[in-house]
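Fold and contact review
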Amino acid sequence: MYFWRTITFGVIFIAISIISSAPSIALDKKPKRLVSINLCTDQLLITLAPKSQILALSHLIGDSNSSPYSDRVKGIPLIQGTVEEILTLDPDLVLASNHSNPLTINLLRRLGVKVQTVPPVKDLRDIEINIDIVADAIGQTTRGGQVKDRIRALLTKYKRQKKSNGPVAATIWANNISAGKGTLQHSIISFLGFQNLSENLNVTGLYSLPLEVLIQRKPDLILVSHYIDAPSLSNAIFSHPALKKAFSTEAIIKIPDKLWLCGSPASIDVLELINKGWRGRER
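The structure reproduced in this document is the subject of the present report. Bear in mind the structure is a predicted one, so any value in this text is a computation, not a measurement. Throughout this description, residue numbers start from 1 for each chain and increase along the sequence as written. Where local features are concerned, this predicted model is filtered to residues with pLDDT of at least 70; where side-chain atom pairs are given and counted, the filter is 80 or more; whole-chain, interface and lining totals use all residues. Where side-chain values are given, they derive from all heavy atoms of the structure, hydrogens and water being excluded.

**Thoughts on the side chain of His 186**
- The numbering of helices and of strands both runs from the N terminus, where a helix is a DSSP run of H or I of at least 4 residues and a strand a run of E of at least 2. Its location among the elements puts His 186 in helix α7 (residues 184–191).
- Buried, partly exposed and exposed residues are distinguished by accessible area as a fraction of the type maximum, computed with a 1.4 Å probe on protein chains only: under 20%, between the cut-offs, and over 50%, respectively. For His 186, a relative accessible area of 12% gives the class buried.
- Within the structure, His 186 has its side chain in polar contact with the side chain of Asn 196 (distance 3.0 Å).
- Note on definitions: a residue-residue contact is assigned when non-hydrogen atoms from the two residues lie within 4.5 Å. Residues contacting His 186, with those up to four places away along its chain left out, are Gly 180, Lys 181, Asn 196, Ser 198 and Glu 199. Counted as a polar contact is a pair of N or O atoms within 3.5 Å, where, for protein atoms, one must be capable of donating a hydrogen and the other of accepting one, and residues adjacent in sequence contribute only when both atoms are in side chains.

Here it is, written out as structure tokens:
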């Protein structure tokens, strides 16, 4: 009887040990086969993950006009992000934006593919939040912390106190689109100590800024798209004689759209471009 009790207790102890250790085993298993199907998550993944673990990225990351990391994708397959392509790759994890095709995301999940969505960046602080989301999802928290440390060091360098009577900046892109409150662009402008023209106009999000209003308000700086010179009605504002007459060359700073189209570590480069342009205007 004692012998059988000893055996029974031994089996129970082993079973309990296996069950209690199972969660830690699962937690230690990092996804190693990674796919991203959105330009913004592409940028975070290529920053945080070993290249050997990236099975594919979206095709936009290879476009030098849309991506600040186009020179870092050599050897990585670029895909359209269809379910068929993704299933063929057999990933452990797929990264997507909250704005990615919901039909694709839902179908992948129904088929047993793990998908991590990432929200769009509307503030400088959101960049760190999204770094944490991706770093945690792929098991690269140490790397994520290092990237955030570098960003914080640069932000400390550029932080300026915003004043109610301080200089005013305005963004203007193709089709006269401008950025108001609640956008990454507004956050960067405010962080550098400028008033955003949109605050005076009391608008939020992306809005249409007529050339007449821009000239009438005459901000101290205009941040324009670094567009490709080509015949296009959408870019007509940049070559408009009235714009050139109203603003000096020093007041217009070209910012490549790819730097703040997404919120990523590359977006910090915008602070240097604006800061450098403003110093040049002050001289």
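**Let's talk about the state of the cysteines**
- Criterion for a disulfide: a pair of cysteine sulfur atoms within 2.5 Å. Considering all chains together, one arrives at one disulfide under this definition.
- A sulfur-sulfur separation of 2.0 Å characterises the disulfide bridge that pairs Cys 40 with Cys 262. When the S-S torsion is -75°, as for the bridge of Cys 40 with Cys 262, the disulfide is left-handed. Separated by 222 residues along the polypeptide, Cys 40 in helix α2 (residues 39–48) and Cys 262 in the loop between α11 (257–260) and α12 (268–282) bring together distant segments of the chain.
- Assessed through its relative accessible area of 28%, Cys 40 is described here as partly exposed.
- Overall, Cys 262 belongs to the buried group, its relative accessible area being 3%.

**Points about helix α5 (residues 124–138)**
- Take the residue count of a helix, subtract one, and multiply by 1.5 Å to get its expected span. Given a rise of 1.5 Å per residue, 15 residues ought to cover 21 Å, and the 22 Å separating the end C-alpha atoms of α5 matches this to within 8%.
- Turning to α5, its buried residues number three or more, namely Leu 124, Asp 126, Ile 127, Glu 128, Asn 130, Ile 131, Val 134, Ala 135, Ala 137 and Ile 138.
- The residue sitting at the N-terminus of α5 and contributing the capping side-chain oxygen is Asp 123; that oxygen lies 2.9 Å from the backbone nitrogen of Arg 125.
- Phi for Gly 139, located one or two positions after α5, is positive at around 70°.

**Structural notes on the pattern of salt bridges**
- Salt bridge, as applied in this entry: a Lys or Arg side-chain nitrogen positioned within 4 Å of an Asp or Glu carboxyl oxygen. Inspection of every chain in the model, using the stated rule, returns four salt bridges.
- When the shortest N-O distance is used, the salt bridge between Asp 123 and Arg 125 registers 3.0 Å.
- A salt bridge links Asp 132 to Lys 148, with the shortest nitrogen-to-oxygen separation between them at 2.8 Å. Taken together, the residues span a long stretch of sequence, with Asp 132 in helix α5 and Lys 148 in helix α6 (residues 141–158) at a distance of 16 residues.
- Given a relative accessible area of 29%, Asp 132 falls into the partly exposed group.
- Classification of Lys 148 by relative accessible area gives buried; the value is 12%.
- Each member of the salt-bridge network shares a partner with another, and the members are Glu 128, Asp 149 and Arg 152.

**Concerning a positive patch on the surface**
- Patch definition: residues above 30% relative accessible area lacking any salt bridge, with like charges linked at up to 9 Å and the nonpolar side chains Val, Leu, Ile, Met, Phe, Trp and Tyr linked at up to 5 Å. Per-residue and other accessible areas follow the Shrake-Rupley method at a 1.4 Å probe size, with only the shown protein chains counted as cover for residues. The convention is simple: Lys and Arg are positive, Asp and Glu are negative, and His and the chain ends are not counted. Charge positions come from single atoms, namely NZ of Lys, CZ of Arg, CG of Asp or CD of Glu. A cluster of basic residues, Lys 157, Arg 160, Lys 276 and Arg 279, forms a positive patch at the surface.
- As for its position among the elements, Lys 276 is in helix α12.

**Examining unusual backbone geometry**
- Even without glycine at this site, Asn 175 takes up a positive phi of about 60°.
- Considering the arrangement of structural elements, one finds Asn 175 in the loop between β6 (168–172) and β7 (177–179).
- Since its relative accessible area comes to 52%, Asn 175 is described here as exposed.
- If you check the backbone angles, Asn 176 has positive phi at about 65° while not being a glycine.

**Some thoughts on the nonpolar core**
- Take the buried Ala, Val, Leu, Ile, Met, Phe, Trp, Tyr and Cys residues and link them wherever side-chain atoms come within 4.5 Å; each set so joined is a nonpolar core. Judged by nonpolar contacts, the single largest core of 50 residues is most densely connected at Ile 188 and Ile 274.
- Residues in contact with Ile 188, not counting those within four places in the same chain, are Leu 124, Trp 260, Ser 267, Val 270, Leu 271 and Ile 274.
- With 16 residues, the next largest nonpolar core counts Ile 172, Leu 211, Ile 237 and Leu 243 among its residues.

Without other data, these values stay purely geometric and don't point to any function.
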